[in-house]
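Fold and contact review
Spelled out from the first residue to the last, the chains are:
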There are 2 protein chains.
Amino acid sequence: VSGKQHFADALHDRMEEVESQVVVGLDPRIDRLPQSLVDDVVDRHGHSPRAAAEAISEFNRRVLAAVHENVVAVKCQVAFYEKWGVEGLKAYARTVRRAWDRDMLVIGDVKRNDIGSTAGAYAQAHLGGRNEGMWRQARDFVVDAATVNPYFGTDGMEPFLERASKRKKGLFALVRTSNPSSSELQGIRADDGEQVFRKVARMVEQWGEPYRGESGYSLLGAVVGATQPDALESLREQMPHSLFLVPGFGAQGGGVEDVVPAFDENGGGAVVNSSRGIIFAWQTPPYRNRYGPDRWMQAVEAAAAHMQTELWEATH
Amino acid sequence: VSGKQHFADALHDRMEEVESQVVVGLDPRIDRLPQSLVDDVVDRHGHSPRAAAEAISEFNRRVLAAVHENVVAVKCQVAFYEKWGVEGLKAYARTVRRAWDRDMLVIGDVKRNDIGSTAGAYAQAHLGGRNEGMWRQARDFVVDAATVNPYFGTDGMEPFLERASKRKKGLFALVRTSNPSSSELQGIRADDGEQVFRKVARMVEQWGEPYRGESGYSLLGAVVGATQPDALESLREQMPHSLFLVPGFGAQGGGVEDVVPAFDENGGGAVVNSSRGIIFAWQTPPYRNRYGPDRWMQAVEAAAAHMQTELWEATH
């Protein structure tokens, strides 16, 4: 999907095409998958990591089939694959390919980073491309955009930015996370009165400056949690060229009114992620009452479509 | 090696046993491996990710054989394996097992973290143990201690701490990294005059407080770069119960006198990592002149032994 066009432009094109700002988080938890699907793999492989990985892979395949007309991208939280070891990461790689087959963009929620030379190795792993002469590079973990941690400053970011630019990929740096204790570090107030996350926001806007596409947005965006609506609004003003990836919608507590400030006046510039609220929709109200476990895919589709409509209408 | 004893006690026992505070960083770069070893795998598998992974695995096996009597632990920087995809991560898993066979502790330099529930999945991936009833958990990426990123605050740390405590594993949280731009975020001065990394240091010491072993040190330690000697000294005072993992020695510029302040009065409480300076010792002075490419393992052993002696003598 990506690789031809600047990431921010590819994302906006896809948004317009499907009329959606929704990202579905594929964060599979084995104990919440449909029982029939789990029974099937356990019959063949017992309760092994391989069985778990196969169940996850098959679950994702069906979720992708259910949501592909209503969402811009999927976001795969790699931790839920990494915990099943090598087999889990094979399921991650398979899921990425299947999402591409359905024309969705894929965000690898990997939150990697390190000092410069190591950041380069991570960038190669997740954004692809070669480095060492004749060696063919692995493509297993290559996605359209990856999340990165800003704790190392500029020289952790540069290898990612250079590679993303060359490969027409995207990045989202953590600015303000959606978890309850995010203020402990991110909210520290500096001696000029500004909080740490606002300084990070300033750095992100600046790091991304040389890498803007036709939409005006940079390939480097920011992760800003839906659970911080005040921050969302002021960060949108402070970072006019940074795409926002907004987690924390739904199960974590953020609602439509909380995320509207993330968007620009055209309803662009941001995508909102929901994981549990969509992929496990049939297990919680209101979908639980309307769709039983047999019709879980319909519940997933309905939840994605509902979120799509709600967001689109609130921003257009 | 671990799993029976509190991590900080296991580390100190091993330090006394081998009279060493050295950690060797297994950060394999394909273009720096011995040519004979690379030729051998390329003959069989071409310049494929699998060939790279096999070369790395074999290189690590020989490095472990060369250094095991002189070092406390190995630190595997997962980025250099992840970049070779699934095959690379199999080489990571093999290397961990081989280090254990030689009684070394293994630090997974993974710098993972995320919001709470996701941090739990990462903790399971890298520290092991079960979560979901009958499911056997993968052990591919399980190590003795893992590095973690503190950007999320307490609720990113808790799942790691609880699991480490239960499984007798260790953790090292990033406090002050060794890269040139580390001050951009970590050095922000708060309104009370204290820099961000000192506040993180305070949090780390406090997070680790319930998890101290017989040595007085917690299972939660701190990453503090050798390139910041002033910070090392004051952080040692500020964090009397936190083990230090000190990167940045050798190739990155830190010397013996820079890292001495990391240790307590018994020469304990810290380990110092060197990667390129040891594993590629035969490619740079002074070892290049004494050992040719044929005797690269002897150069690796000599470099590890030299660092061991230098540090031990400077701190005892």
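Residues numbered from 1 in each chain as written. Chains lettered and ligands numbered in written order. Predicted model: local features only at pLDDT ≥ 70, side-chain atom pairs only at ≥ 80, totals over all residues. Heavy atoms only, no water.

A few words on the interface of chain B and chain A. It is common to report an interface's size as the accessible area lost on association of the parts. Taken together, the 75 residues of chain B in the interface contact 74 residues of chain A. Our count for the chain B to chain A interface comes out at 6 salt bridges. The residue Glu82 of chain B makes a salt bridge to Arg112 of chain A at a minimum N-O spacing of 2.9 Å. Counting every contact that joins chain B to chain A gives 41 residue pairs in polar contact (both at pLDDT 80 or more). (Contact = heavy atoms within 4.5 Å. Salt bridge = Lys/Arg side-chain N within 4 Å of Asp/Glu carboxyl O. Polar contact = N/O pair within 3.5 Å; in protein donor to acceptor, adjacent residues only side chain to side chain.)

Another point: helix H14 (residues 296-315) of chain B. Between its first and last C-alpha atoms H14 of chain B spans 29 Å; for 20 residues at 1.5 Å apiece the expected length is 28 Å, and the two agree. All buried positions along H14 of chain B are accounted for by Trp296, Ala299, Val300, Ala302, Ala303, Ala304, Met307, Gln308, Leu311, Trp312 and Thr315 of chain B. (Helix = DSSP H or I, 4+ residues; strand = E, 2+ residues; numbered from the N terminus. Expected span 1.5 Å × (residues − 1). Buried < 20%, exposed > 50% of the residue type's maximum accessible area, 1.4 Å probe, protein only.)

On to the side chain of Lys111 of chain A. Along the chain, Lys111 of chain A turns up in strand S3 (residues 105-112). A distance of 2.8 Å separates the side chain of Lys111 of chain A from the side chain of Asp109 of chain A, its partner in a polar contact. Residue contacts for Lys111 of chain A: discarding those within four places in its chain leaves Gln77, Thr147, Val148, Asn149 and Leu174 of chain A together with Asn113, Asp114 and Phe152 of chain B.

Let's shift gears to a negative patch on the surface. All names here are of chain A. On the surface, a cluster of negative charge is contributed by Asp13, Glu16, Glu17, Glu19, Asp101, Asp103 and Glu214. Summarising the element assignment, Glu17 is placed in helix H1 (residues 7-18). Taking relative accessible area as the criterion, Glu17 reaches 63% and is therefore assigned exposed. (Patch = residues over 30% accessible without salt bridge, like charges linked within 9 Å, V, L, I, M, F, W, Y side chains within 5 Å. Areas by Shrake-Rupley, 256 points an atom, 1.4 Å probe, with all protein chains shown as cover. Lys, Arg positive; Asp, Glu negative; His and termini not counted. Charge placed at Lys NZ, Arg CZ, Asp CG, Glu CD.)

What follows deals with the relation of the copies chain B and chain A. Look at the two chain copies: a rotation about an axis and a shift along it is all it takes to match them. For the pair chain B and chain A, the relating rotation is 180°, the translation along its axis is 0.0 Å, and the fit reaches an RMSD of 0.0 Å. What the rotation and shift describe, once combined, is the action of a two-fold rotation axis. (Least-squares fit on C-alpha atoms with pLDDT ≥ 70 in both.)

Residue and element names in this part refer to chain A. Judged by pairing direction, the barrel is parallel, and its 8 strands sit side by side in the order S1-S2-S3-S4-S5-S6-S7-S8 before closing back on the first. Along the sheet, successive strands turn relative to each other by an average axial angle of 30°, direction set aside. Here 3 bridges tie S3 to strand S4 (residues 145-148), and the two strands are oriented parallel to one another. In the strand pairing of S4, Ile107 is matched with Ala145. Lying over the sheet, helix H7 (residues 154-167) contacts S3, S4, strand S5 (170-176) and strand S6 (220-224), oriented at roughly 145° with respect to S5. (Pairing = 2+ DSSP bridges. Axes fitted to C-alpha atoms, helices over the stretch in contact; angles between N-to-C directions.)

Residue and element names in this part refer to chain A. Here the residue pair Pro285 and Pro286 is connected by a cis peptide bond, since its omega of 0° sits within 30 degrees of zero. Here Pro286 lies in the loop between helix H12 (276-279) and helix H13 (287-290). For Lys111, which is not a glycine, the phi torsion comes out positive at approximately 45°. Notably, Lys168 is not glycine yet its phi reads approximately 55°, a positive angle. A relative accessible area of 33% means that Lys168 is categorised as partly exposed.

With that settled, the discussion passes to the packing of aromatic side chains. Residue and element names in this part refer to chain A. Summed over all chains, the structure comprises 20 aromatic pairs over all chains. Summarising the aromatic geometry, the rings of Phe7 and Phe172 are spaced 6.1 Å apart at their centres and angled 85° between planes, so their arrangement reads as edge-to-face. Of this pair, Phe7 sits in helix H1 while Phe172 sits in strand S5, and the two are 165 residues apart along the sequence. Accessibility expressed as a relative area gives 1% for Phe7, which makes it buried. Ring geometry for Tyr81 against Tyr92: centres 5.4 Å apart, planes inclined by 70°, an arrangement best described as edge-to-face. (Phe/Tyr/Trp six-rings, centres within 6.5 Å; stacked < 30°, edge-to-face > 60°.)

With that settled, the discussion passes to the packing of helix H3 (residues 49-67) of chain B against H14 of chain B. All names here are of chain B. At a minimum axis distance of 8 Å, the contact between H3 and H14 shows a crossing angle of 50°. Compared by their axis directions, H3 and H14 come out oblique. As for how H3 packs across H14, the hand of that crossing is right-handed. From H3, Phe59, Arg62, Val63, Ala65, Ala66 and Val67 reach across to H14, where they touch Trp296, Met297, Val300, Glu301 and Ala304. Looking at the contact of H3 with H14, its residues break down into 9 nonpolar, no polar and 2 charged. (Parallel < 35°, antiparallel > 145°, perpendicular 65-115°, else oblique. Left-handed = near helix turned anticlockwise from the far one by under 90°. Nonpolar A, V, L, I, M, F, W, Y, C, P; charged D, E, K, R; others polar.)

We now examine the environment of Phe249 of chain B. Residues and elements named next belong to chain B. Topologically, Phe249 is positioned in the loop between strand S7 (244-246) and helix H11 (256-259). Note: C-alpha distance between Phe249 and Ser275 (26 residues apart in sequence) is 8.3 Å. In this view, Phe249 contacts Ala226, Gly254, Gly255, Val256, Val259, Val272, Asn273, Ser274, Met307 and Glu310; residues no more than four positions away in its chain are not counted.

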